[in-house]
Amino acid sequence: MPDVLVLVDHDGERVHKCTYELLTAARRLGDPAAVVVGTPGTAARLEEPLARHGATSVYAAESTEADEFLATPAVDALELAVREVSPAAVLVSATTDGKEVAGRLAARLDGGLLIDAVDVDSCGVATQVVFGGSYTVRSQVTHGLPVITLRPGSFEPEERPVEARARQLALPPVDRVASARVTARRAALAGDRPELTEATVVVSGGRGVGGADGFKVVEQLADALGGAVGASRAAVDAGYYPHQYQVGQTGKSVSPQLYIALGISGAIQHLAGMQTSKTILAVNKDPEAPILGLADYAVVGDLFAVAPQLAQEVAARRAVG
Amino acid sequence: MNIVVLVKQVPDTAAERTLSEADHTLDRENADLVLDEINERAAEEALTLKEAVGAEVTVVSMGPDSALDAIRKVLAMGADRGIHICDDRLHGADVVTTAKVLAAAVRTVADVDLVLAGNATTDGQASAVPAVVADLLGLPQLTHARELTVDAGRVRVERETENGEATLDAPLPALVSVTEKINEPRYPSFKGIMAAKKKPVETVDLDDLFPDADADADEAGFRVTRTGVVEAVPRPARATGTRVTDDGSAGRQLVAYLIAQKLV
Ligand SMILES: Cc1cc2nc3c(=O)[nH]c(=O)nc-3n(C[C@H](O)[C@H](O)[C@H](O)COP(=O)(O)OP(=O)(O)OC[C@H]3O[C@@H](n4cnc5c(N)ncnc54)[C@H](O)[C@@H]3O)c2cc1C
Ligand SMILES: Nc1ncnc2c1ncn2[C@@H]1O[C@H](COP(=O)(O)O)[C@@H](O)[C@H]1O
């Protein structure tokens, strides 16, 4: 079987779940080979969980400056790995960084770029949802190496323990004139709740929540359901909730089993980020709000009455069950 | 300073968008086309710099005849000149070709210090074109900027993504893509609109940008796309759901629904 390169998304200590999804998807196309870009020692730390999820080789592309520059070390590493193994495809998570790395790699190799796929079959045909969920498109690379970015949350990661071969890639020194240096990083604070794009339940609040205090109601319902909290852009812009939780076209795309919209009108840019959720519930006091037309269960009412009651009922049921 | 702003004309997101039956590309004939909102912000950054330190601002757009309207709008906001890349062969161009063509157009502008773009378009949502243009031009990519400072030959950016915030630093020349949070774009004034009609806009095609491509055996400059659509289907509208008006028991009704759906 040909190799399929997978770019590992990690924070130096931990492999992010979206990488396990890539490894699972990669098995459909060939033998998953993981590429770890980081400071020396990173690949050795991450090898065990990668092998447990089916990586038949782990390439270490390491240098002391690898995490100091934006995107370039990852593009260089993948380019080197492609030249070394001639893979059937390269898979990268469709995160902000991942899409840029994938695009630059495709351009350098004159390969075909498939962006934000939600599925990929054994022939390399990718499924994409475009225009905020109004079309499902299946496309394929027709020239050059397929470089596919996969939307996080699209695959159920599977464990498939294998022996991984450890390999090295010699990263070239970063060209300081052609690369942006990261001089400071402020990681988004991860709370106790599940990661937004990984959660099976997402409860989001909009401008209707009325303020930062009001978001307690949203959080309580999310906690009762074991879900993540999201927010509309209007809520984020008004300072009710931090940007990292924004759902929509310019925020995160989520596709949970259950999405609950509280005090959100349902603008097309918001729908773009949540329309593929399996079940949608909405509470809005305006009977004309577009979100109510989209919901599987729509409540015309005050979120401050409905959400606490729902949270309480769910908690009571959890206590019994 | 010489600044190039990359702008794209996109279908108005407020309107319905359709894919053409014939080739699964965007049906532009049936769409309301506007200058992408985030690009107005990229233009605004360029014009702010122009006012602060002095700059010549060139607007570049690749698109059909109608893309000229997008260029004129940025000229009306205050940019100096435009380059319109218009060629029927570019219909359906993929990210790689789009970036190659834009990079070639930027190369025609002398001594560029800064290339500005939006961080994502509302139609393609690739969010990749600016990074690829930077790679092709050998420029540092400072993408997804919420704040931009240019000082003493260097550029600094506050980057905001789903993973948090970062400060980026690089020497000029550089490419910066901006998010919708960076500023509030100005409206073109009546005077600006009148002046824009007289500002120079150069129309170029692939032969102008890649004069040697014909001789080039692999014709790389002309490969329009490296991907093909196998199938495009409109997603079925969601089935009409249940609708209730809260009479004080909606929370309890919802929980019953969630139990029935095995969601709790
Ligand atoms: C380029 C661009 C990108 C964008 N990207 C995004 C994006 O990524 N994500 C996003 O969300 N938006 C995005 N937007 C903004 C989008 O157009 C809307 O402005 C935004 O989604 C509105 O948020 P909202 O529904 O919370 O606010 P509103 O539209 O103001 O709706 C608030 C709703 O709350 C209801 N309400 C008020 N009080 C109560 C109550 N007590 N109980 C119940 N209901 C109540 C009201 O009836 C109303 O329907 C983008 C816009 C542009 C132009
Ligand atoms: N056809 C085009 N002409 C000019 N600029 C473009 C074009 N396509 C993309 N861009 C630029 O790249 C940005 C991001 O686009 P995208 O990567 O397609 O989401 C846009 O906001 C523009 O600044």
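Residues numbered from 1 in each chain as written. Chains lettered and ligands numbered in written order. Predicted model: local features only at pLDDT ≥ 70, side-chain atom pairs only at ≥ 80, totals over all residues. Heavy atoms only, no water.

**Student:** Explain empty space enclosed by the protein here, please?
**Tutor:** Once rolled over the atoms, a probe with the size of a water molecule shows which space is left empty. Residues and elements named next belong to chain B. In total, this model carries one cavity of 30 Å³ or more according to the counting rule given. Estimates place the volume of the largest cavity at around 40 Å³. Lining the largest cavity are Glu147, Leu148, Thr149, Arg156, Val157 and Glu158. Within the residue set of the lining of the largest cavity, elements represented by two or more residues are strand 7 (141-151) and strand 8 (154-161). (1 Å grid on protein atoms, 1.4 Å probe; cavity = no way out; pocket = protein on both sides within 12 Å on 5 of 7 lines; lining within 4 Å. Points joined across faces, edges and corners; volume = space filled by probe spheres on them. Helix = DSSP H or I, 4+ residues; strand = E, 2+ residues; numbered from the N terminus.)

**Student:** So what exactly am I meant to see when it comes to the pattern of salt bridges here?
**Tutor:** Any two side chains of opposite charge can pair, given that their charged atoms come close. Under the defined criterion, the tally for this structure stands at 42 salt bridges over all chains. Arg52(A) is the partner of Glu48(A) in a salt bridge, and the nearest nitrogen-oxygen pair spans 2.8 Å. Here Glu48(A) pairs with Arg52(A), and both are found in helix 2 (residues 42-52), just four residues apart, close to one helical turn. A relative accessible area of 49% means that Glu48(A) is categorised as partly exposed. Relative accessible area serves as the criterion here: at 27%, Arg52(A) is assigned to the partly exposed category. Ionic pairing is found between Glu79(A) and Arg83(A), a salt bridge with its closest N-O pair at 2.9 Å. You can see Glu79(A) and its partner Arg83(A) sitting in helix 3 (residues 72-85), four residues apart, about one turn around the helix. Classification of Glu79(A) by relative accessible area gives buried; the value is 18%. Given the relative accessible area of 57%, Arg83(A) is considered exposed. Taken together, the salt bridges that share partners define one network made up of Asp76(A), Glu79(A), Arg83(A), Arg104(A), Arg108(A) and Asp135(B). (Salt bridge = Lys/Arg side-chain N within 4 Å of Asp/Glu carboxyl O. Buried < 20%, exposed > 50% of the residue type's maximum accessible area, 1.4 Å probe, protein only.)

**Student:** When you look at the site of ligand 2 in this model, what are you seeing that I'm missing?
**Tutor:** Residues and elements named next belong to chain B. Taken together, 18 residues lie near ligand 2, and Leu6, Val7, Asn39, Thr121 and Ser127 sit nearest. Here Asn39 contributes a side-chain N or O atom positioned 2.7 Å from an oxygen atom of ligand 2. Compared with its free state, where it exposes 490 Å², ligand 2 has 98% of that area covered by protein. Elements with a minimum of two residues in the shell around ligand 2: strand 4 (56-62), helix 3 (95-107), strand 6 (114-118) and helix 4 (129-137). (Near = heavy atom within 4 Å. Polar contact = N/O pair within 3.5 Å; in protein donor to acceptor, adjacent residues only side chain to side chain. Areas by Shrake-Rupley, 256 points an atom, 1.4 Å probe, with all protein chains shown as cover.)

**Student:** Would you mind showing me how to read the domain arrangement of chain A here?
**Tutor:** One frequent convention defines the size of an interface as the accessible area lost when the parts assemble. Residue and element names in this part refer to chain A. Segmentation of chain A into domains returns domain 1 (3-169) and domain 2 (196-320). Distance from the C-alpha centre of domain 1 to the C-alpha centre of domain 2: 32 Å. Taken together, the contact between domain 1 and domain 2 spans eight residues of the former and seven residues of the latter. Across the domain 1/domain 2 interface, buried area totals approximately 570 Å², and carbon plus sulfur atoms make up 49% of it. Counting across the interface, domain 1 meets domain 2 through zero salt bridges. Remark: the boundary between domain 1 and domain 2 carries zero residue pairs in polar contact (both at pLDDT 80 or more). A per-class count over the side of domain 1 that touches domain 2 returns two nonpolar, four polar and two charged. (Domains from an automatic or database assignment. Contact = heavy atoms within 4.5 Å. Buried area = accessible area lost by both parts, 1.4 Å probe. Nonpolar A, V, L, I, M, F, W, Y, C, P; charged D, E, K, R; others polar.)

**Student:** Can you help me understand the interface of chain B and chain A in this one?
**Tutor:** Each partner contributes residues to the interface: chain B has 74 residues there, and chain A has 87 residues. Roughly 7,100 Å² is buried in total at the junction of chain B and chain A, and carbon and sulfur atoms are behind 54% of that figure. Remark: the boundary between chain B and chain A carries 11 salt bridges. For Arg186(A), the salt bridge is made with Glu165(B), and the minimal N-O distance between the two is 3.5 Å.

**Student:** Any chance you could explain the environment of Gly153(A) here in plain terms?
**Tutor:** Within the secondary structure, Gly153(A) sits in the loop between strand 8 (146-150) and strand 9 (165-169). Every residue in contact with Gly153(A), bar those within four places of it in the chain, is listed here: Glu21(A) and Thr197(A).

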